[in-house]
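Read off the chains here:
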Amino acid sequence: NATVIVTIDGVAASGKSSVASGVARALHVPYVSSGLLYRAAARAALNAGLPLTDEAALTAHLRAHPLRLDARADGNRAYQGDTDLTPHLHTDEVDDAVSAVAALPGVRAWIDDHLRSLPAPFVAEGRDMGTNVFPHATAKFYLTASPRVRAQRRVNERDADIDAIETALRERDRRDARQSQPAPDAHLIDTGPLTLQGVIDLILQRVQAAH
Ligand code: C5P
């Protein structure tokens, strides 16, 4: 069990973090939110006033001021040095900036290294956990849902206009398309017709079957 890694990838607002957190709790392991690290990288670039496409400046900045993910079971936190960036990572500003920063290979390489340094077992959640970062994971999942269903879930979390959210989600899907593909050996799950607990139970059954 010491090296068990379950990967849960999927599109924006497909319920990845809630699902990953539920699965991790049931397995008594931490979950790792890679998206939170990408958000922290975007926040760090914004805070430092760096252009979001300046790969050399950004990778130099990350080396000088490393990010750190605290993969706690009750919710991940992202730090830069002693500064807890977590309260400033789910904002419209970061939503708009994050895909550009995540498109930079140097930033991805830095974050991949950090993720691989975390002690297994854990559940890793993101876009490319099953493809690039943990290709030998014990079990892999890829969550989808229609843009309308995802927009409705976001509206339930933060009060906002559903059409505007759906448009923003479609735009983020388009920008993330390259780094967000299911692994050939991932189980695809359309979460649209399922409850959160329904998705968690389905994954737990398949993880047990993979042992
Ligand atoms: O999962 P979340 O929506 O918080 O991720 C924020 C952004 O981080 C995504 O829109 C994507 O641009 C980037 N990301 C990524 N690869 C991952 C996780 C997130 O490129 N593994």
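Source: prediction; values computed, not measured.

**Considerations on the site of the ligand**
Around the ligand lies a shell of 15 residues, among which Gly35, Tyr38, Ala102, Gly126 and Arg127 are the nearest. Secondary structure elements with two or more residues in the shell around the ligand: helix H2 (34-48), helix H4 (92-102) and helix H8 (162-176). Residue contributions to the shell around the ligand peak at four residues, all from H2. For the shell around the ligand, the per-class residue count stands at four nonpolar, five polar and six charged. Looking at which domains feed residues into the shell around the ligand, each of domain 1 (1-29 + 122-211) and domain 2 (34-120) supplies at least three.

**What to know about the sheet that holds strand E3 (residues 67-70)**
An order of E3-E4-E5 is seen for the three strands of this open sheet, with the pairing classed as antiparallel. Each edge of the sheet is formed by a strand with only one pairing partner; in this case those strands are E3 and strand E5 (83-84). Where strand E4 (residues 77-80) lies against E5, two bridges are found, and the strand directions are antiparallel. Residue pairing across strands places tyrosine 79 opposite aspartate 84, the latter belonging to E5. Running at roughly 145° to E3, H2 makes contact with E3 and E4 of the sheet.

**Thoughts on the UniProt feature "binding site: ATP" (unreviewed entry) in the protein chain**
Cross-referencing UniProt, the feature "binding site: ATP" (unreviewed entry) maps to Gly10, Val11, Ala12, Ala13, Ser14, Gly15, Lys16, Ser17 and Ser18 in the present numbering. With respect to the helices and strands, glycine 10 occurs in strand E1 (residues 5-10). Beyond its immediate chain neighbours, meaning those up to four positions away, glycine 10 contacts Lys16, Tyr142, Leu143 and Thr144. Mapped onto the fold, glycine 15 is located in the loop between E1 and helix H1 (16-27). A residue is classified by how many C-beta atoms lie within 10 Å of it, and glycine 15, with 23 of them, is buried.

**As for the environment of arginine 63**
Relative to the helices and strands, arginine 63 is located in helix H3 (residues 55-64). Along the backbone, arginine 63 and tryptophan 110 are 47 residues apart, and their C-alpha atoms lie at a distance of 8.4 Å.

**Structural notes on the UniProt feature "domain: Cytidylate kinase" (unreviewed entry) in the protein chain**
In this structure's numbering, the residues bearing the UniProt feature "domain: Cytidylate kinase" (unreviewed entry) are residues 6-208. Summarising residues 6-208: 51% helix, 16% strand, and an end-to-end C-alpha distance of 11 Å.

**A short note on the domain arrangement of the protein chain**
Its domain assignment divides the protein chain into domain 1 (1-29 + 122-211) and domain 2 (34-120). Between the C-alpha centres of domain 1 and domain 2 there is a distance of 20 Å. Contact residues are listed per partner, giving 17 residues for domain 1 and eleven residues for domain 2. Elements with a minimum of two residues in the side of domain 1 that touches domain 2: H1, strand E6 (122-126), helix H6 (129-133) and H8. A total of four residues in the side of domain 1 that touches domain 2 trace back to one element, the largest contributor, which is E6. Considered class by class, the residues forming the side of domain 1 that touches domain 2 number eight nonpolar, four polar and five charged.

**So, the sheet that holds strand E2 (residues 31-33)**
Read across the sheet, five strands follow the order E2-E6-E1-E7-E8 without closing on themselves; strand pairing throughout is parallel. Looking along the sheet, the strands with just one partner apiece sit at the ends: E2 and strand E8 (187-190). Strand after strand, the sheet turns through a mean of 20° between neighbouring axes, direction not considered. Where E2 lies against E6, three bridges are found, and the strand directions are parallel. In the sheet register, valine 32 faces E6, and the bridge partner there is alanine 124. Of the strands in this sheet, E1, E2, E6 and strand E7 (139-144) touch H1, which is tilted by about 175° from E6.

**A short note on the nonpolar core**
Val23, Leu37, Ala40, Ala41, Val101, Val123 and Ala124 are the most contacted members of the largest nonpolar core, which has 48 residues in total. With eight residues, H2 is the single largest residue contributor to this core. Of the residues that make up this core, three or more belong to each of domain 1 (1-29 + 122-211) and domain 2 (34-120).

How each quantity is defined
Residues numbered from 1 in each chain as written. Predicted model: local features only at pLDDT ≥ 70, side-chain atom pairs only at ≥ 80, totals over all residues. Near = placed C-beta within 6 Å. Helix = DSSP H or I, 4+ residues; strand = E, 2+ residues; numbered from the N terminus. Nonpolar A, V, L, I, M, F, W, Y, C, P; charged D, E, K, R; others polar. Domains from an automatic or database assignment. Pairing = 2+ DSSP bridges. Contact = placed C-beta atoms within 7 Å. Axes fitted to C-alpha atoms, helices over the stretch in contact; angles between N-to-C directions. UniProt positions renumbered as here; feature names shortened; annotations may be inferred. Buried ≥ 20, exposed ≤ 12 C-beta atoms within 10 Å, placed from the backbone. Core = buried A, V, L, I, M, F, W, Y, C linked by C-beta atoms within 7 Å.

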